[in-house]
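Coordinate inspection notes
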Amino acid sequence: MSEILEENLNKLAYGTFLLLIGFFFGKMFSYIFRLVIARNGASEYGIFSLGVTILGVITIGCLIGLDRGITKFVSHYNAKNDKIMIKSYINTSLKITAIWSIIIGIFLFFLSDIISINIFNKPELSIVLKIFSVLLPFYILGQMFISIMTAYQKIKYVTFISIFQYGLTLLLLIVLMFYNVSNISGALAYTLAFIISGIISLFIVKLRIFNFFDKSIKTVDVSKSLRNFSLPLMFNNFVEYLIISLDMLLIGYLLTSPDIGVYSAAYVTTQLISLLPAVLMWVFAPALSDLFAKNLHKEAKEIFIQSSRWIFIIAIPVVSFSIFFSRSIMNSLFGHEYLSGSLAFMILSISIFILSLSSIERKSLEISNHPKKLLYYSLFAFIINLALNLYLIPLYGILGSAIANIITFTIYSGLCIYKSKKELNFVQDYSKYILPTIMAFVSALIFYYLAYISKIRLGFTVLGIMSLMHFFAYLILLRLTNSIDKNDVHLVKSLYKNIKNIGKNKLNLKRNS
């Protein structure tokens, strides 16, 4: 193993460990937040979910690809210690997104009734959109500051923000529900928490990372290069988000609020499968951009292969468990009202897994200056998804949307993997994925059979224990079948070392205090 590869694997291990902590607690708080709303009824949860989906679409338009652009350029020039270019890209991006988000927020406020009544035929959606219009500028700037943290690989700050904002969201929801702020409590809690976390992110970047207000550092005009890189990404991000969220929007247009709620519950639960890919993207993008900037293509390829492998090994046991226990998961988490979404949940689990498999390929193509190709693939996938949803939703309801989803993601991921192989020569040995797949399904099948013959009631606690036992059984099977290579062992050792170091630091802090 080369020194450069080992150094980057250590960075990935450390960053992945910290982000897993942040994403775990962040996702846990976010998930409990949604569970609390969902338990109040599928209709109320459906309206909130539709509002968040619309906010997501608008967010892409406000960011116009600058969040990814700032990650690429800041990490690139940070490797060269060029403060003038760093400040230029940060200030230009922040000015554009701030002005743009305020303008769009005003439009959203005054057009909320038209969107809610004339398009979605759901008047109760209007107040949610009005609340989100106030959130929009703070939300956008918060996303930009997180991108700056990512560019500097300040993972501890990203971890803190992730835990803080979702923990605060849950806390505020509980307070608002205590005071009987019922129908809009979710939207209010969401808005207040993200406004506060956005302001805190600003101060973290200014005081701890890079003072972009420093007048001693001059700036140059970087708008052209930023525009050339970011605008294709904006369209790609917009279309890519629509591919993911089009089903929610069309269900909101064609079906009822309870249908949105049931589908959203299934979809949000499957997002847990994409937890590790999301974590690795935050760590992987700056590391890969840095290696490309230094023309270290061989090391970039090694990081690419290893990251893809980690994604697969971690995600496949989650998918196998979701397939066998889909009804029990939906019932224990959301209640009997949501059981109709069990089959959709099963299909969506496979769909999100397939999309996760191409996440490294998509990021590699983006960083290596192939964003236009991603845009073409995204447009193609969007057209397929739109046609399939319009045809299948009226016939099969939310199940039809799940089917459209898996077909679209399979085609889209296949195109991205093919392009990555052709343009970057990033080729993987997929035969190494066969044994982990078999072991994951064998383990899940064993626990499903044990649950069936014991007639045990699969509540939330029992399912949680079984899922952990399934994961550890899967890891043992991997070890017994020699499915773990030397880089995997190095990752585990690095993670263990990071855990020990964090424990020692806490102990030293206690002694010094």
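Thresholds applied
- Residues numbered from 1 in each chain as written.
- Predicted model: local features only at pLDDT ≥ 70, side-chain atom pairs only at ≥ 80, totals over all residues.
- Heavy atoms only, no water.
- Helix = DSSP H or I, 4+ residues; strand = E, 2+ residues; numbered from the N terminus.
- Buried < 20%, exposed > 50% of the residue type's maximum accessible area, 1.4 Å probe, protein only.
- Areas by Shrake-Rupley, 256 points an atom, 1.4 Å probe, with all protein chains shown as cover.
- Contact = heavy atoms within 4.5 Å.
- Expected span 1.5 Å × (residues − 1).
- Phe/Tyr/Trp six-rings, centres within 6.5 Å; stacked < 30°, edge-to-face > 60°.
- Axes fitted to C-alpha atoms, helices over the stretch in contact; angles between N-to-C directions.
- Parallel < 35°, antiparallel > 145°, perpendicular 65-115°, else oblique.
- Left-handed = near helix turned anticlockwise from the far one by under 90°.
- Patch = residues over 30% accessible without salt bridge, like charges linked within 9 Å, V, L, I, M, F, W, Y side chains within 5 Å.
- Salt bridge = Lys/Arg side-chain N within 4 Å of Asp/Glu carboxyl O.
- Core = buried A, V, L, I, M, F, W, Y, C linked by side-chain atoms within 4.5 Å.

Some words on the overall build of the protein
Summing up its helical and strand segments, the protein has 19 helices and zero strands in all. Looking at the protein as a whole, 56% of its 513 residues qualify as buried. Summed over all atoms, the accessible surface of the protein reaches about 23,000 Å², with 67% contributed by carbon and sulfur.

Things to note about the side chain of Asn385
The residue Asn385 is located in helix α15 (residues 371–396) in this model. A residue is classified by how much of its surface remains accessible, and Asn385, at 1% relative accessible area, is buried. Among residues more than four places away in sequence, those in contact with Asn385 are Leu242, Ile243, Leu246, Ala404, Asn405 and Thr408.

Regarding helix α2 (residues 42–63)
Taking 1.5 Å as the rise per residue, α2 with 22 residues should run 32 Å; its terminal C-alpha atoms sit 31 Å apart, in good agreement. For α2, the tally of buried residues reaches 20 of 22 residues, placing the bulk of the element in the interior. Following α2 by one or two positions, Ile64 has its phi on the positive side, about 40 degrees.

Brief notes about the packing of aromatic side chains
For the coordinates displayed, the defined rule picks out 27 aromatic pairs. Ring geometry for Tyr139 against Phe194: centres 5.4 Å apart, planes inclined by 45 degrees, an arrangement best described as tilted. Taken together, the positions of Tyr139 in helix α5 (residues 125–151) and Phe194 in helix α7 (residues 185–209) put the pair 55 residues apart, joining distant regions of the chain. Considered together, Tyr139 and Phe194 belong to a single accessibility category, that of buried residues.

Re the side chain of Ser378
Along the chain, Ser378 turns up in helix α15. Here Ser378 is in contact with Asn236, Val239, Glu240, Ile243 and Tyr412, once residues within four sequence places are set aside.

Regarding the packing of helix α17 (residues 434–454) against helix α18 (residues 460–480)
At their nearest, the axes of α17 and α18 sit 9 Å apart, and the two run at 140 degrees to each other. With respect to their mutual orientation, α17 and α18 come out oblique. The two elements α17 and α18 cross, and the hand of that crossing is right-handed. Of the residues in α18, those touching α17 at Pro436, Met439, Ala440, Ser443, Ala444, Phe447 and Ala451 are Met466, Met469, His470, Ala473, Tyr474, Leu477 and Leu478.

Focus on a nonpolar patch on the surface
Residues Ile434, Leu435, Ile438, Val442, Ile446, Tyr449, Leu450, Tyr452 and Ile453 make up a contiguous nonpolar surface patch of about 850 Å² in total accessible area. Note on placement: Ile446 falls in helix α17. A relative accessible area of 45% means that Ile446 is categorised as partly exposed.

What about the nonpolar core?
The biggest cluster of nonpolar side chains holds 140 residues, and the ones touching the most others in it are Ile54, Ile90, Phe132, Tyr190, Phe325, Phe334 and Tyr338. For this core, the leading source of residues is α5, giving 15 residues. Beyond its immediate stretch of four places on either side in the chain, Tyr190 contacts Phe33, Phe48, Val52, Leu55, Phe132, Leu135, Tyr139 and Thr169.

Focus: the environment of Met469
Mapped onto the secondary structure, Met469 falls in helix α18. For the pair Met469 and Ser443, spaced 26 residues apart in sequence, the C-alpha separation works out to 9.2 Å.

Some words on the pattern of salt bridges
One pass over the full model with this rule turns up one salt bridge. Among the ionic pairs, Lys130 bridges to Asp113, the shortest N-O distance being 3.2 Å. Remark: Asp113 occurs in helix α4 (residues 83–119) and Lys130 occurs in helix α5; sequence separation between them is 17 residues.

Notes on the environment of Gly186
When you line up the elements, Gly186 lands in helix α7. For Gly186, a relative accessible area of 6% gives the class buried. Apart from residues no more than four positions distant in its own chain, Gly186 is found in contact with Phe33, Ile37, Phe48 and Leu173.

Structural notes on the packing of helix α11 (residues 297–324) against α18
Contact geometry of α11 with α18 gives a least axis separation of 10 Å together with a crossing angle of 135 degrees. One element, α11, and the other, α18, form an angle in the oblique class. Between α11 and α18 lies a crossing of right-handed hand. Here Ile313, Ile314, Ile316, Pro317, Ser320 and Phe321 of α11 lie close against α18, whose contacting residues are Leu463, Met466, Ser467, His470, Phe471, Tyr474 and Leu478.

So, unusual backbone geometry
One non-glycine residue with positive phi stands out, namely Ile64, at about 40 degrees. With a phi angle near 55 degrees, Asn121 is a residue other than glycine that sits in the positive phi range. Among the structural elements, Asn121 can be located in the loop between α4 and α5.

Some words on the environment of Ala42
Position of Ala42 relative to the elements: it lies in helix α2. On the basis of relative accessible area, Ala42 is assigned to the buried category, the value being 1%. Linking Ala42 and Thr256, residues 214 residues apart in sequence, is a C-alpha distance of 10.0 Å. If sequence neighbours within four positions are ignored, Ala42 has contacts with Ser257, Pro258, Gly261, Val262, Glu337 and Tyr338.

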